[in-house]
Amino acid sequence: MKKPFVIAIDGASSTGKSTLAKGLAKALDFAHVDSGAMYRGITLYAQQNGLLVNNEFNTKALLSQLGDINLRFEGDTFWLNGVDISTEIRSMQVSESVSLVSTIPEIRSFLVVQQRIMGTDQSVVMDGRDIGTVVFPKADLKLFLVADVNIRAQRRFNELNTQNAPTTVAEVRNNLVERDHLDSTRADSPLVQADDAILLDATQFTVESMRNHVLDLVAKRLG
Ligand code: DC
């Protein structure tokens, strides 16, 4: 079997990582793993099981139940213990607590093990915060996405709005800024650009031009 090719895409929320990752995976016929969805899945599980109420977090109970949490990607559908949670994990309720959940080292290592397995026997595009630094430090191609915060807030607002969620652009922007801070300053696996990652400013590209630019980079690396 050919050695899998791993593309690691990191960056803050709503910089267009998942859109880029999905487009690349489709064009290259690679698997796509949205690692943020996995942190969101654990957060939703904690909320559904009364382990996370108003940001009061029963860490000990959640850690003791990690073995009961089965997360699975199937195309664009994301499953938690056999239930499709693809839409629910995007709610503001989950967004408001997910950074807290993702500071917990035991939860990170639980998910990192699963993420590494997904890049072992198949070529993959994985997006998140620590993919190029922690999950796949030897990834074949590493990208780090940045974008203007106002554009990011509008993007996330538009996504939420199509799901009829009651919120405002300002509220979404505040949540993004707060999460940027938490994600970049946490002790375990903070959001940082890997030394060998290529910086891409999403504000400078259309979705299509960025995908084509990265496809050129992949073609060069594949030789
Ligand atoms: O990309 P996103 O907004 O769906 O990610 C949700 C949260 O999950 C984000 O606030 C930080 C966390 N996360 C992480 O800590 N590590 C990753 N590899 C991916 C996401």
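Above this text sits the structure in question.
Residues numbered from 1 in each chain as written. Predicted model: local features only at pLDDT ≥ 70, side-chain atom pairs only at ≥ 80, totals over all residues. Heavy atoms only, no water.

A closer look at the packing of helix 4 (residues 92-101) against helix 8 (residues 169-185)
Convention followed: With axes taken as lines fitted to C-alpha atoms, and helix axes fitted only over the stretch in contact, angles between N-to-C directions fall between 0 and 180 degrees. A helix here means a DSSP run of H or I that spans at least four residues, while a strand means a run of E at least two residues long, and both kinds are numbered starting from the N terminus. Each angle gets one of four labels, with under 35 degrees taken as roughly parallel, over 145 as roughly antiparallel, 65 to 115 as roughly perpendicular, and the rest as oblique. Left-handed is the label given to a crossing in which the near helix is rotated counterclockwise from the far helix by less than a right angle, and right-handed is the label when the rotation is clockwise. We call two residues contacting when some pair of their heavy atoms lies within 4.5 Å. All residues other than Ala, Val, Leu, Ile, Met, Phe, Trp, Tyr, Cys, Pro, Asp, Glu, Lys and Arg, Gly among them, are scored as polar; the first ten of these are nonpolar and the last four charged.
Two elements in contact, helix 4 and helix 8, have axes whose closest approach is 9 Å; the angle formed by their N-to-C orientations is 20 degrees. With respect to each other, helix 4 and helix 8 are oriented roughly parallel. The two elements helix 4 and helix 8 meet at a crossing, and its hand is left-handed. The segment helix 4 lies against helix 8, with Met 92, Ser 95, Glu 96, Val 98 and Ser 99 engaging Glu 171, Val 172, Asn 175, Arg 179, Leu 182 and Asp 183. Classifying every residue of the contact of helix 4 with helix 8 by side-chain character gives four nonpolar, three polar and four charged.

Description of helix 2 (residues 35-48)
Quick reminder of the rule: Between the first and last residue of a helix there are one fewer steps than residues, each counted as 1.5 Å, and that sum is the expected span. Throughout, exposure labels follow a simple rule: accessible area from a 1.4 Å probe, protein chains only, divided by the maximum for the residue type, with under 20% read as buried, over 50% as exposed, and the rest as partly exposed.
Between its first and last C-alpha, helix 2 extends 20 Å over 14 residues, near the 20 Å set by a 1.5 Å rise per residue. Looking at helix 2, one finds that the buried residues are Ser 35, Ala 37, Met 38, Tyr 39, Arg 40, Gly 41, Ile 42, Thr 43, Leu 44, Tyr 45, Ala 46 and Gln 47.

Some thoughts on the sheet that holds strand 6 (residues 77-80)
The test is simple: Should DSSP find at least two bridges between two strands, the strands are taken to pair.
The strand order across the open sheet built from three strands is 5-6-7, with neighbouring strands paired in antiparallel fashion. A single partner strand is all that each edge strand has here, and the edge strands are strand 5 (71-74) and strand 7 (83-84). Against the sheet, helix 2 contacts strand 5 and strand 6, and its axis sits at roughly 40 degrees relative to strand 6.

A word on the sheet that holds strand 10 (residues 198-201)
Across the sheet, which stays open at both edges, the five strands sit in the order 2-8-1-9-10 with parallel pairing between neighbours. Each having just a single partner strand, strand 2 (31-34) and strand 10 make up the two edges of the open sheet. Direction aside, neighbouring strands of the sheet carry axes that sit 20 degrees apart on average. Two strands pair when backbone bridges link them, and strand 2 and strand 8 (residues 124-128) are joined in this way by four bridges, in the parallel orientation.

Re the pattern of salt bridges
What counts, and what does not: Counted as salt bridges are all cases of a side-chain nitrogen of Lys or Arg within 4 Å of a carboxyl oxygen of Asp or Glu.
Evaluation of the coordinates by the stated rule reveals nine salt bridges. Arg 72 is paired through a salt bridge with Glu 74; the nearest N and O atoms lie 2.9 Å apart. One continuous salt-bridge network, built from bridges that share partners, spans Arg 129, Asp 183 and Arg 186.

Regarding the packing of aromatic side chains
The cut-off we apply is this: Working definition: a ring pair exists when centres of Phe, Tyr or Trp rings (six-membered ring for Trp) sit within 6.5 Å. Plane angles under 30 degrees give stacked, over 60 give edge-to-face, the rest tilted.
All chains considered together, the criterion is met by two aromatic pairs. Their ring planes at 45 degrees and their centres at 6.1 Å tell us that Phe 5 and Phe 30 sit as a pair that is tilted. Residue Phe 5 is found in the segment before strand 1 (6-11), and its partner Phe 30 is found in the loop between helix 1 (17-28) and strand 2; the two are separated by 25 residues along the sequence. Classification of Phe 5 by relative accessible area gives buried; the value is 7%.

Side note on the nonpolar core
Stated precisely, the cut-off is as follows: In this description, a nonpolar core means a group of buried Ala, Val, Leu, Ile, Met, Phe, Trp, Tyr and Cys residues linked to one another through side-chain atoms lying within 4.5 Å.
Of all hydrophobic cores here, the largest spans 36 residues; its most connected members are Ile 42, Leu 62, Ile 69, Leu 71, Ile 107 and Met 126. Among the secondary structure elements, those contributing two or more residues to this core are strand 1, helix 2, helix 3 (59-64), strand 6, helix 4, helix 5 (105-118), strand 8 and helix 6 (131-135). Sequence-distant contacts of Ile 69, that is, excluding residues within four places in its chain, are made with Ile 42, Tyr 45, Leu 62, Leu 80, Asn 81 and Phe 110. Judged by nonpolar contacts, the second largest core, of 19 residues, contains Ala 25, Leu 145, Ala 147 and Ala 202.

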